[in-house]
Amino acid sequence: MFWVTKFSGFIAVAMVIIVLSPSLQSFPPAEAIRSSNTFSFRKSPVFLNANECTTTLLGQSRVCDPSLVHVAITLDIEYLRGSIAAVHSILHHSRCPESVFFHFLVSETNLQTLVRSTFPQLKFKVYYFDPEKVRNIISTSVRQALEQPLNYARNYLADLLEPCVHRVIYLDSDVVVVDDITNLWSTSLGTKTIGAPEYCHANFTKYFTTSFWSEPRFNGAFNGRKPCYFNTGVMVIDLMKWRRAGYTKRIEKWMDIQKTNRIYELGSLPPFLLVFAGHVAPIEHRWNQHGLGGDNVKGSCRDLHPGPVSLLHWSGSGKPWLRLDSKKPCPLDSLWAPYDLYGFSK
């Protein structure tokens, strides 16, 4: 277990680096490899299950094996480096890494070879998400990056993944996990469909426009519940309940309303809030130390929230790989760097 408990300024950052950085632990040497036309990654070290791990009975690539932990992440060129680092961090900190199955959502079809060459022993499957499925219901946002169709692929996990996959952890591409992913996987959702860290002290009204709050036919969606903000970059999802309740259609309905009424400004997040806020199984905040990407102010850096850390999330406009490459990193970007497997371009 790789938990960190109290943070304060630069000294705290140094302490976190010592605890979390795999470069300060015993890693096998990485082998440089070339993959795809534009990206090249070093081959990941081999990660093996501990003796007490459940034996996989149904073969190396069988997605329906009930002993597997399922994790879904998007893969696209712009955030590919982050996705690879996220996978690397999960494997490194898992007691049973061979029991983790990755579901990669893509809108390009040439990334499977890259993943296999970087993680030769990884259990994974690639799912093509057609951008045209959502292109006509995506509205403009405050940042163009939030308008990319692949951002909405999480809405369709219940349709894309096999029916035998009953639960999945969805993670954004700009995270690193510094705890055993099984601890998140085993979270009880009770009667709820999704679980996520909630932030009930956040100003919930700012996620919707004045026209939303002035219209009872819109804001009435929250009648009878106490909605709290949650970040959709880290969610545990019960896919069986999702399928039964038809939540994809409910999210699409709000996206259709948005096209004609402009009830929010922030991409794919508000429809999730409209459907689920107030009906979320709360997960410890340690599983989403978000906001590390800063805001839209150039050079903006953020500190960690008080408390323990199991997952660091560079949500926001700044990404650690870009800041590191530009030689203008934020202090916490040094916690992402050891999981970076980026090599060189052709």
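Residues numbered from 1 in each chain as written. Predicted model: local features only at pLDDT ≥ 70, side-chain atom pairs only at ≥ 80, totals over all residues. Heavy atoms only, no water.

In the annotation of an unreviewed UniProt entry, the protein chain is listed under the name Hexosyltransferase and assigned to Anisodus acutangulus. What UniProt states about the protein chain under its Sequence similarities (unreviewed entry) heading is, verbatim, "Belongs to the glycosyltransferase 8 family." (UniProt positions renumbered as here; feature names shortened; annotations may be inferred.)

Once that is clear, we can look at the sheet that holds strand β3 (residues 69-75). Two orientations exist for strands paired in a sheet by backbone hydrogen bonds: parallel and antiparallel. Within the open sheet, the 7 strands sit side by side as β5-β4-β3-β6-β11-β8-β12. Their pairing is mixed. In this open sheet, the two strands that pair with only one neighbour each are β5 (123-128) and β12 (280-282). For this sheet, the mean angle separating the axes of adjacent strands, direction not counted, is 25 degrees. Alignment of strand β8 (residues 194-196) against strand β11 (residues 234-238), held across 2 bridges, turns out to be antiparallel. Looking across to β11, one finds that I194 is bridged to I237. (Pairing = 2+ DSSP bridges. Helix = DSSP H or I, 4+ residues; strand = E, 2+ residues; numbered from the N terminus. Axes fitted to C-alpha atoms, helices over the stretch in contact; angles between N-to-C directions.)

Now for the environment of C164. With respect to the helices and strands, the residue C164 is situated in the loop between α5 (157-160) and β6 (167-171). Residue C164 is classed as partly exposed on the basis of its relative accessible area of 28%. Here the alpha-carbon distance between C164 and V63, two residues 101 residues apart in the chain, equals 8.0 Å. (Buried < 20%, exposed > 50% of the residue type's maximum accessible area, 1.4 Å probe, protein only.)

This model, assessed by the stated rule, comprises 22 aromatic pairs. Ring geometry for F204 against F222: centres 5.2 Å apart, planes inclined by 80 degrees, an arrangement best described as edge-to-face. Remark: F222 occurs in the loop between α8 (216-219) and β10 (229-230) and F204 occurs in the loop between β9 (198-199) and α7 (210-214); sequence separation between them is 18 residues. Each of the two residues, F204 as well as F222, counts as buried. Residues F208 and W213 carry aromatic rings whose centres are separated by 5.9 Å and whose planes lie at 85 degrees to one another, so their mutual orientation is edge-to-face. Judged by relative accessible area, F208 falls into the buried class, the value being 7%. Grouped by ring-pair contacts, the aromatic residues Y199, F204, Y207, F208, F212, W213, F222 and Y229 constitute a single cluster. (Phe/Tyr/Trp six-rings, centres within 6.5 Å; stacked < 30°, edge-to-face > 60°.)

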